[in-house]
Amino acid sequence: MIEVKNVTKVFNQGRPNEMTALRDVSFEVGENELVILKGPSGSGKSTVLSLIAALQKPTSGEVIVEETRVSKLPDDFASLFRREKIGFIFQKFNLIPTLSVFDNIVTPLIPEKLSEKELEAKAERVMEEFSIAHKRDDLAKNLSGGEQQRVAIARALVNDPPIILADEPTANLDAKLAERFLEYVKRIKEEGKTILIATHDPLFFDLPITDREITLHNGRVV
Ligand SMILES: Nc1ncnc2c1ncn2[C@@H]1O[C@H](COP(=O)(O)OP(=O)(O)OP(=O)(O)O)[C@@H](O)[C@H]1O
């Protein structure tokens with residue numbers, strides 16, 4: 001369960017370039033729900049995701065994820081929380097271009113000090129599931145957009161986190177690959193994940209599998 005309670009986020013507070021990105025935003029995402037966060041560019045969608053992932057702190061208000069008050073977490077605990085609970089699919093994938101597909105995917109597992117065999121098994125599972133196993137030794141920089149996206153999804157899921165946050169996941173994809181991503185979302189939901197997708201891609205609007213759509217405009221829920 002994700003609870004966003006009366007969250008306001010002000011960037012550069014007290015400076016001439018002060019910017020209120022979110023104003024008194026409240027909503028909930030229940031366990032195993034798929035929620036679509038809509039709104040035009042600049043409306044605050046990425047900021048919401050980063051607050052839920054404890055990558056930033058709200059200026060006021062609270063964010064509670066599975067009973068953890070993430071808006072108050074010290075940084076050390078925030079990275080631990082992310083590792084255990086959150087799979088984040090970044091808008092620009094954030095792969096390490098000079099590492100192979102396999103090495104990118106196992107990055108989140110490094111702190112867990114798993115044996116080589118355990119590492120292999122976990123990576124193999126997600127590489128197979130997202131049809132990228134045949135590229136395991138290719139460098140990320142040599143992959144197509146759709147392949148990079150599959151690696152980003154595999155990396156977000158390799159830890160088997162209960163919550164998936166996706167930021168404009170289809171922004172760089174053609175229509176066919178976007179459809180395929182939607183198939184992945186359906187599968188992940190069937191696996192029991194809680195999913196929040198920030199997007200302005202109409203492909204995600206009014207889907208039968210969606211539990212709720214939330215629209216942001218100028219940092220407010222409308
Ligand atoms: N670190 C930051 N410093 C200053 N302003 C920021 C920062 N991050 C975001 N903003 C501003 O906050 C507002 C909301 O940004 P955000 O990235 O959350 O919007 P978005 O809805 O995700 O947009 P897009 O769809 O284009 O990704 C924007 O005006 C942006 O310029």
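Calculation notes
Residues numbered from 1 in each chain as written. Predicted model: local features only at pLDDT ≥ 70, side-chain atom pairs only at ≥ 80, totals over all residues. Heavy atoms only, no water. Helix = DSSP H or I, 4+ residues; strand = E, 2+ residues; numbered from the N terminus. Buried < 20%, exposed > 50% of the residue type's maximum accessible area, 1.4 Å probe, protein only. Contact = heavy atoms within 4.5 Å. Areas by Shrake-Rupley, 256 points an atom, 1.4 Å probe, with all protein chains shown as cover. Lys, Arg positive; Asp, Glu negative; His and termini not counted. Charge placed at Lys NZ, Arg CZ, Asp CG, Glu CD. Polar contact = N/O pair within 3.5 Å; in protein donor to acceptor, adjacent residues only side chain to side chain. Near = heavy atom within 4 Å. Nonpolar A, V, L, I, M, F, W, Y, C, P; charged D, E, K, R; others polar.

Looking at an unreviewed UniProt entry, the protein carries the name ABC transporter ATP-binding protein, with the source organism given as Hydrogenimonas cancrithermarum.

Undergrad: Tell me about the overall build of the protein, and name the residues and values.
TA: The secondary structure content of the protein amounts to 6 helices and 10 strands. By its C-alpha atoms, the protein is 50 × 40 × 35 Å across when sized along the principal axes. Residue burial in the protein is summarised as follows: out of 222 residues, 49% are buried. Of the contacts made within the protein by residues no fewer than 6 positions apart, 71% connect residues no fewer than 24 positions apart. Carbon and sulfur atoms make up 49% of the accessible area of the protein, which totals about 10700 Å². Here the protein contributes 30 positive and 35 negative side-chain charges, whose respective centroids are spaced 4 Å apart.

Undergrad: Can you tell me about the side chain of Ser100, naming the residues and giving the values?
TA: Its location among the elements puts Ser100 in the loop between β6 (86-89) and α3 (101-106). One polar contact links the side chain of Ser100 to the main-chain amide nitrogen of Asp103, over a distance of 3.1 Å. Not counting residues within four places of it along the chain, the set of residues in contact with Ser100 comprises Arg136, Asp137, Asp138 and Leu139.

Undergrad: Explain the site of the ligand residue by residue, including any values.
TA: In the region of the ligand, 15 residues are neighbours, and Ser41, Gly42, Lys45, Ser46 and Thr47 sit closest. One nitrogen or oxygen atom from the side chain of Ser41 is found 2.6 Å from an oxygen atom belonging to the ligand. In this structure, Lys45 approaches the ligand through a side-chain N or O atom, which is 2.9 Å from an oxygen atom. When the free accessible area of the ligand is taken as 640 Å², the share hidden by the protein chains comes to 65%. Residue assignment for the shell around the ligand shows that the elements contributing at least two residues are β2 (19-29) and α1 (45-52). The biggest single contributor to the shell around the ligand is α1, with 3 residues. Residue composition of the shell around the ligand, by class: 4 nonpolar, 9 polar and 2 charged.

Undergrad: Which residues make up the environment of Val126, and what are the values?
TA: Along the polypeptide, Val126 turns up in helix α4 (residues 116-129). Assessed through its relative accessible area of 1%, Val126 is described here as buried. Once the C-alpha coordinates of Val126 and Asn159 are considered, the two residues, 33 residues apart in sequence, prove to be 9.7 Å apart. Dropping the residues within four chain positions of it, Val126 is found in contact with Ile105, Ala154, Leu157 and Val158.

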